[in-house]
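# Report on the structure
Single-letter residue listing:
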Amino acid sequence: MTSDTALPEPRRTMTAAVVQAAAPLFDTPAALARAEELVREAVAGRGAEVVVLPEAFIGGYPKGLDFGITVGSRAPAGRELFRRYHAAAIEIPGPEVTALAALTRELRCHAVVGAVERQGGTLYCVALFFGPDGYLGLHRKLMPTAAERYLWGQGDGSTLPVIDTGTARLGAAICWENYMPLFRTAMYAKGVDLWCAPTVDDRDAWQATMRHIALEGRCFVLGAGQYLRRDALPDDLHPVQGDEPDTVLIGGGSVIVSPLGEILAGPLRDGEGILTAELDLDDLTRARFDLDTTGHYARPDIFTLHVDESSRVAVTGR
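Each chain has its residues counted from 1, running along the sequence as written. Owing to the predicted nature of the model, reporting of local features is limited to residues with pLDDT of at least 70; listing and counting of side-chain atom pairs is limited to 80 or more, with chain, interface and lining totals taken over all residues. Neither water nor hydrogens contribute to the side-chain values; these are computed over all heavy atoms in the structure.

## Some details on the pattern of salt bridges
Defined as follows: What counts as a salt bridge is simple: a side-chain nitrogen of Lys or Arg found within 4 Å of a carboxyl oxygen of Asp or Glu. Elements are defined by DSSP. Helices are runs of H or I of four residues or more, strands are runs of E of two residues or more, and each kind is numbered from the N terminus. Only protein chains enter the area calculation, which uses a 1.4 Å probe; residues under 20% of their type maximum are buried, those over 50% are exposed, and those in between are partly exposed.
Tallied over the entire structure, the rule returns 24 salt bridges. Note that R40 is salt-bridged to E106, the shortest N-O span being 2.9 Å. In this pair, R40 sits in helix α1 (residues 28–45) while E106 sits in helix α3 (residues 95–107), placing the two residues 66 residues apart along the sequence. We note a salt bridge from E80 to R83, for which the minimum N-O separation is 2.8 Å. Here R83 and E80 lie together in helix α2 (residues 76–88), a separation of three residues that amounts to about one turn. For E80, a relative accessible area of 38% translates into the label partly exposed. One salt-bridge network, in which partners are shared between bridges, spans R34, E37 and E272.

## Some thoughts on unusual backbone geometry
Along the chain, I92 connects to P93 via a cis peptide bond; the corresponding omega equals 0 degrees. For P93, the location among the structural elements is in the loop between α2 and α3. The omega torsion of the bond from G266 to P267 falls at -5 degrees, within 30 degrees of zero and hence cis. Examined against the element boundaries, P267 turns out to sit in strand β15 (residues 263–268). The backbone phi angle of F67 is positive, close to 55 degrees, even though this residue is not glycine.

## Digging into the nonpolar core
Going by this rule: In plain words, nonpolar cores are sets of buried Ala, Val, Leu, Ile, Met, Phe, Trp, Tyr and Cys residues tied together by side-chain atoms within 4.5 Å. Contact between two residues is taken to exist if any of their heavy atoms lie within 4.5 Å; hydrogens are not considered.
Judged by nonpolar contacts, the single largest core of 48 residues is most densely connected at Y85, V112, W152, L194, L222, I256 and L279. Per-element tally for this core: the top contributor is strand β6 (residues 122–131), with four residues. If sequence neighbours within four positions are ignored, L222 has contacts with A16, V18, V50, V52, L194, W195, C196, A197, V255 and I256. In this structure, L38, L100, L103 and A111 belong to the second largest nonpolar core, which totals 33 residues.

Here is the structure:
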């Protein structure tokens, strides 16, 4: 027997979560434990299949600290503070990556975790990718902003992954990398569907950036920001914002945006929390109907972009 009534196609959906929190500064074991707790809560408690944690969550974002730097001079106390910061960063591979990989294997989820990587004498701000198969790779921030350049080296084109989850493709841009038009174009060309934006930018203007990227890239944007108060820092540190315990150093603003720029969750203010949203993955195709910036809306006869994805190292051997 046949029917003239066609059954509706099943929806292709995915539940995504962005975490708004901050981990203890200079306490790597506590930061790892906090990351594991939050990923577990997002997956087991909220049903998330993809979880994004903020920029520099493991390793820390030292908001308001100057590391004893003035132009042409570095103070001994600042060098000692950098030593502490360097010691709190993680090596990749290393025990922290192994632990997070075991967690995502157990939970059968994907996660993007902001961290500070230590490689020799240089630190990098990174986004770490994990999935049901464990550790999947990393993205190193290409351009540290302003005083971040005291602390972090620059990534190169060899760490620009877009990870195929089997359901959607996810990539990451860290904080003000989201303002780099050519970087965005390179990522769009890789077919990114879930644009993960670990950040510490808590300005109202940041919301416009998140919505713009969603509209420009016709992708879901998962913006995860830190929420950090003075009382979360060690007592011996003195941020420029002051030492009142309830002083907010980083004010959050985490958000989830659809491929047509609609806010699905957030922005979250005034505290820590986890935002979740069910993503209708068919919205990606619906949105790209009239705009595909590296496809039918491109003009390769006028504009081209060369992306060097080779690894750039100072010393090479045979």
